[in-house]
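Geometric and topological summary
In case you want the letters, here they are:
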Amino acid sequence: MARALHALLLALGDLSSPRVRRVLAQSLALTLLIFVAAGAALFFGARWGIAQMGWLGGAGLDLAGAAVLLLLVAGSWLLFRGVGVAVVGLFADAIVADVEARHYPAAAARAVDVGWRQNAALALASLGRLVLGNLAALPFYLLLLVTGVGTVLLALAVNALLLGRDLEAMVSARHPDRPRFARGARWSLGLLSAASFLVPVANILAPILGAAMAVHMLHMGSERS
């Protein structure tokens, strides 16, 4: 965990890079656009479907629309991490290349170029695993609601496992010859990344921080930063 905390501190410093800030702005804008478009489509689609069934009308339809909106807000908390990491995955090569060039130039010189198709494939695979993993855990989330904190702790553990794997894959794509992360390192990376999604404001930065952390975790100790 000490190694992961050190990587987090280095990743926080990487936010000062103009290139990283540019990717942050682009990824945040795309993430918000996806959420607004998907949320509007689901809201009006659900409202239209309820109206077509003829079950409700007038004030009842408005209340149903409000309930759908609340469900969307609740669901967005769960899905933000998946969409955020997937979107950042589209720009992953730019982030990884920038962090490597400044901290690990020798590794950057040996890196394999990752095209947009591979980035897109990694991003979609990451989104799919995060959504399916959390859907599989959803019954347990609901059962643990009575405990007060059980749902949050289980969600943290599930997403730590998923994010650790996805962030490792994101940075390892440029260095297929490097050995995989040790299990403890992958878990620590995923845990800190998943925890950052729970912190207001920090959750906006979490996907970028996670990607930068993964770079440091991969190369830390291999050359002087």
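Since the structure is predicted, the reported quantities are computational estimates derived from the model, not experimental observations. Along every chain, residues carry numbers that run from 1 in the direction the sequence is written. Only residues with pLDDT of at least 70 get local features here, since the model is predicted, and only at 80 or more are side-chain atom pairs given and counted; chain-wide, interface and lining totals rely on the full set of residues. Side-chain calculation: all heavy atoms of the structure are included, whereas hydrogens and water are not.

1. Concerning the packing of helix α1 (residues 2-14) against helix α9 (residues 202-219)
What counts here: Lines fitted to C-alpha atoms define the axes here, with helix axes fitted over just the stretch in contact, and angles between the N-to-C directions of these axes take values from 0 to 180 degrees. Labels follow the DSSP assignment, with helices taken as runs of H or I lasting at least four residues and strands as runs of E lasting at least two, numbered in each case from the N terminus. An angle below 35 degrees is read as roughly parallel, one above 145 as roughly antiparallel, one from 65 to 115 as roughly perpendicular, and any other as oblique. A clockwise turn of the near helix away from the far one marks a right-handed crossing, whereas an anticlockwise turn of less than a right angle marks a left-handed crossing. Here, residues are in contact when the closest pair of their heavy atoms is within 4.5 Å. Amino acid classes used here: Ala, Val, Leu, Ile, Met, Phe, Trp, Tyr, Cys and Pro are nonpolar; Asp, Glu, Lys and Arg are charged; the rest, including Gly, are polar.
Two numbers describe how α1 lies on α9: the axes approach to 8 Å, and their chain directions differ by 125°. On the basis of the axis angle, α1 is oblique to α9. Relative to α9, α1 is oriented so that their crossing is right-handed. Along the contact surface, α1 presents Arg3, Ala4, Ala7, Leu8, Leu10, Ala11, Leu12 and Asp14, while α9 presents Leu209, Ala212, Met213, His216, Met217 and Leu218. Looking at side-chain class alone, the contact of α1 with α9 contains 11 nonpolar, 1 polar and 2 charged residues.

2. Some remarks on the pattern of salt bridges
Rules: A pair is scored as a salt bridge if a Lys or Arg side-chain nitrogen falls within 4 Å of a carboxyl oxygen belonging to Asp or Glu. For every residue, the accessible area obtained with a 1.4 Å probe (protein chains only) is divided by the maximum for its type, and the residue is called buried under 20%, exposed over 50%, and partly exposed between those limits.
Following the criterion strictly, the structure yields 6 salt bridges and no others. Across the salt bridge formed by Arg102 and Asp14, the nearest N and O atoms sit 3.1 Å from each other. Of this pair, Arg102 sits in helix α4 (residues 92-103) while Asp14 is found in helix α1, placing the two residues 88 residues apart along the sequence. For Asp14, a relative accessible area of 2% translates into the label buried.

3. Considerations on the confidence of the model for the protein
Inclusion rule: The predictor reports its confidence for every residue as pLDDT, a score running from 0 up to 100.
With 79% of its residues at a pLDDT of 70 or more, the protein shows a mean pLDDT of 79. Of all helices and strands in the protein, the one with the weakest mean pLDDT is helix α3 (residues 59-90) (64), whereas helix α8 (residues 183-196) scores best (89).

4. A few points about the nonpolar core
This is how the line gets drawn: For this analysis, a nonpolar core means a set of buried residues of the types Ala, Val, Leu, Ile, Met, Phe, Trp, Tyr and Cys, connected via side-chain atoms within 4.5 Å.
Residues Ile95, Val171, Phe181, Leu189, Ile208 and Met217 are the most contacted members of the largest nonpolar core, which totals 45 residues. Taken together, the elements giving at least two residues each to this core come down to α1, α2 (18-53), α3, α4, α6 (116-143), α7 (150-172), α8 and α9. Here the element with the most residues in this core is α9; it accounts for 10 residues. Among residues more than four places away in sequence, those in contact with Leu189 are Ala4, Gly164, Leu167, Glu168, Phe181, Gly210, Met213, Ala214 and Met217.

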